[in-house]
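# Remarks on the overall topology
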Amino acid sequence: MATLWLLLALALLAFALLPLIRRGRGGIERVHPGHPDAADPERYGFLRQEELDVRMPGPDQDLLDVLDLVGRTGDYRAAAQLLAGTETEGERRWQRVQAFAGAASLELRERPGGVHETPGGQWLRVWRAEQPKDPGGAAVHAEFLAQQAWRTSVPGTDDFRIIMEEARDACERAALAAPGDPVPHLVMLSVARGLGWSRPDFDELWGKILGLAPHHMGAHLAALHYTCEKWHGSREEAYAFAEAAAARAPEGSLLAALPLFAVFEHLPEVNLVAGFYRSEVVVRAIHGALHAVHSARPDDPMLAHVRHLLVFFLVRAERWAEAMDQLVHVDGHVGALPWSLSEDPAEAFAVYRALAVAGYEANGGNPATLPG
């Protein structure tokens with residue numbers, strides 16, 4: 001997204017010119033590194049940039065433990081057991097399928113294999129070979145193929161289409177292996193976007209997903225991409241899709257935050273000043289997301305996704321205290337939008353975090369005044 005890159009470039013430039021900042025009556029003042037009044041994120045208990053985990057948006061210790069074990073041993077069985085014990089109806093299964101597929105894809109990129117080298121991600125191939133009817137392995141394989149298409153090919157090319165066609169077939173096999181599991185259909189949303197399915201075909205797929213998981217936040221985020229202007233819809237269509245989902249969301253659902261994701265997907269190319277982020281459409285979307293965050297279950301797996309996007313918008317709107325409140329909850333894990341669009345998600349997150357700390361202190365805040 002061109003806008004995000006430009007915003008991050010401007011933020012990085014500002015951060016380079018003002019490496020450390022402090023509060024002052026006139027706003028944010030320049031100070032030299034080591035100044036006793038310099039803003040320091042570590043004073044708030046935030047992790048150093050090199051300690052930030054880029055693999056996921058929030059903590060899932062069971063998943064982290066299994067990812068480390070599979071990566072270290074090359075044995076898929078712990079992954080199979082974890083997915084077998086993860087409920088199909090919730091958000092967590094979708095996140096774990098994505099994480100395992102992503103791990104295999106990244107391993108393959110790092111170790112493509114050769115005459116005397118086993119390719120990375122071999123554990124996924126063994127998993128599929130030894131347990132071809134396992135629903136978890138089938139879903140991970142389908143997601144792996146979809147991720148491979150996006151990561152290694154250009155949409156519209158023959159290579160991209162070939163891999164996406166394989167992903168489509170894998171999705172169909174995964175759906176047959178687990179009729180009540182929405183995850184294979186969620187993977188198919190990526191296929192539909194990549195292959196440019198017609199709207200009637202997309203609507204048929206979306207109807208199946210709503211029948212299985214009508215309030216699934218991850219499904220709505222995946223479907224939102226299809227409706228966006230840069231793919232197969234428009235700004236108006238995406239906004240309407242997001243607002244309709246938010247309107248029918250039950251209390252405690254994070255779907256009330258979906259309009260903020262629609263706004264993010266259609267950020268203008270020229271409005272880089274804080275005024276845009278205080279406009280009616282953005283403020284309304286921010287307030288919807290804040291309401292969703294405050295009413296959601298603390299253990300909702302999608303909560304961190306919304307908090308991360310709120311950090312981005314609240315910093316751009318110079319709503320420092322509210323940005324800091326979100327940072328307290330998500331610091332440590334940065335595998336979410338918008339940071340995941342950067343080549344260095346930890347650096348992108350750290351820039352915005354530093355700006356939030358600086359703005360907070362410029363308005364009289366300090367570690368003692370920050371709610372826990």
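Since we're looking at a predicted model, the values are computed, not measured.

Per the secondary structure count, the protein chain includes 16 helices and two strands. Residues counted as buried form 52% of the 372 residues belonging to the protein chain. When contacts within the protein chain are restricted to residue pairs at least 6 apart in sequence, long-range pairs at least 24 apart make up 64% of them. As displayed, the protein chain offers around 17100 Å² of accessible surface, 53% of which is attributable to carbon and sulfur atoms.

This part covers helix H11 (residues 235–247). The first and last C-alpha atoms of H11 sit 18 Å apart over 13 residues, in line with the 18 Å expected at 1.5 Å per residue. Buried within H11 are the following residues: Ala238, Tyr239, Phe241, Ala242 and Ala245. The buried residues of H11 occupy one face: seen down the axis, they fall within an arc of 160°. Seen from the buried face of H11, the exposed residues on the opposite side, beyond 90 degrees, are Glu236 and Ala247. Structurally, H11 contributes buried residues whose contacts are with helix H9 (199–212), helix H10 (217–227), helix H12 (258–265) and helix H13 (280–295).

The first and last C-alpha atoms of helix H2 (residues 61–73) sit 18 Å apart over 13 residues, in line with the 18 Å expected at 1.5 Å per residue. In the core, the buried residues of H2 are packed alongside helix H3 (77–84), helix H4 (91–110) and helix H5 (122–130). Just downstream of H2 lies glycine 74, where phi reads positive at about 75°.

Our next topic: the packing of aromatic side chains. Ring pairs (aromatic) are described by centroid distance and by the angle formed between their planes. Going through the model one piece at a time under the given rule, you end up with 17 aromatic pairs. When the ring of phenylalanine 264 is compared with that of phenylalanine 313, the centres are 6.5 Å apart and the planes differ by 75°; the resulting orientation is edge-to-face. With phenylalanine 264 in helix H12 and phenylalanine 313 in helix H14 (residues 303–316), the pair connects residues that are 49 residues apart, well separated along the chain. By relative accessible area, phenylalanine 313 is classed as buried at 0%. Aromatic side chains tryptophan 339 and tyrosine 352 sit 5.4 Å apart centroid to centroid with 55° between the ring planes, which places their arrangement in the tilted category. Pair noted here: tryptophan 339 is in the loop between helix H15 (320–330) and helix H16 (345–362) and tyrosine 352 is in helix H16, with a separation of 13 residues, a long-range link. In this structure tryptophan 339 comes out as buried when scored by relative accessible area, which is 0%.

This part takes up the pattern of salt bridges. By the definition in use, this model includes 21 salt bridges. The residue arginine 48 makes a salt bridge to glutamate 51 at a minimum N-O spacing of 3.0 Å. Judged by relative accessible area, arginine 48 falls into the partly exposed class, the value being 36%. The closest approach of N and O atoms between aspartate 60 and arginine 96, which form a salt bridge, is 3.0 Å. With aspartate 60 in the loop between strand S2 (27–31) and H2 and arginine 96 in helix H4, this pair connects stretches of sequence that are 36 residues apart. On the basis of relative accessible area, aspartate 60 is assigned to the buried category, the value being 10%. Of the residues examined, arginine 96 reaches a relative accessible area of 7% and is grouped as buried. Residues joined in a network through salt bridges with shared partners are Arg161, Glu165, Arg168 and Asp169.

As a further point, take unusual backbone geometry. Glycine aside, the phi torsion of most residues is negative, and most peptide linkages are trans. Note the cis peptide between leucine 337 and proline 338, where omega equals 0°. Counting through the fold element by element, proline 338 comes out in the loop between H15 and H16. Here the phi dihedral of glutamate 318 falls at roughly 60°; this positive angle occurs in a residue that is not glycine. Looking at the element boundaries, glutamate 318 is found in the loop between H14 and H15.

Residues Phe100, Met217 and Phe313 are the most contacted members of the largest nonpolar core, which totals 114 residues. Dropping the residues within four chain positions of it, phenylalanine 100 is found in contact with Leu63, Val66, Leu67, Ala79, Leu82, Leu83, Trp123 and Val140.

Turning our eyes to something else, we now look at the side chain of arginine 93. Position of arginine 93 relative to the elements: it lies in helix H4. With relative accessibility at 4%, the residue arginine 93 sits in the buried group. At 2.7 Å, the side chain of arginine 93 forms a polar contact with the backbone oxygen of leucine 83. Engagement of the side chain of arginine 93 in a polar contact is seen with the side chain of aspartate 181, the distance being 2.8 Å. Every residue in contact with arginine 93, bar those within four places of it in the chain, is listed here: Leu83, Thr86, Glu87, Thr88, Pro135, Gly136, Asp181 and Val183.

This next bit is on the environment of threonine 73. On the secondary structure map, threonine 73 appears in helix H2. Taking relative accessible area as the criterion, threonine 73 reaches 45% and is therefore assigned partly exposed. The spacing of threonine 73 and tryptophan 123 is 50 residues in sequence and 9.1 Å in space, taken between C-alpha atoms. Reaching out from threonine 73, the side chain makes a polar contact with the backbone oxygen of leucine 69 at a distance of 2.8 Å. For threonine 73, the side chain forms a polar contact with the main-chain nitrogen of aspartate 75, separated by 3.2 Å.

Confidence along the protein chain averages 87 in pLDDT terms, with 87% of residues attaining 70 or more. Here residues 1–37 scores under 50 on pLDDT; set against residues more than four positions off or in separate chains, the count is 71 contacts.

About the criteria used
- Residues numbered from 1 in each chain as written.
- Predicted model: local features only at pLDDT ≥ 70, side-chain atom pairs only at ≥ 80, totals over all residues.
- Heavy atoms only, no water.
- Helix = DSSP H or I, 4+ residues; strand = E, 2+ residues; numbered from the N terminus.
- Buried < 20%, exposed > 50% of the residue type's maximum accessible area, 1.4 Å probe, protein only.
- Contact = heavy atoms within 4.5 Å.
- Areas by Shrake-Rupley, 256 points an atom, 1.4 Å probe, with all protein chains shown as cover.
- Expected span 1.5 Å × (residues − 1).
- Arc of directions from axis to C-beta.
- Phe/Tyr/Trp six-rings, centres within 6.5 Å; stacked < 30°, edge-to-face > 60°.
- Salt bridge = Lys/Arg side-chain N within 4 Å of Asp/Glu carboxyl O.
- Core = buried A, V, L, I, M, F, W, Y, C linked by side-chain atoms within 4.5 Å.
- Polar contact = N/O pair within 3.5 Å; in protein donor to acceptor, adjacent residues only side chain to side chain.
- pLDDT = per-residue confidence, 0-100.

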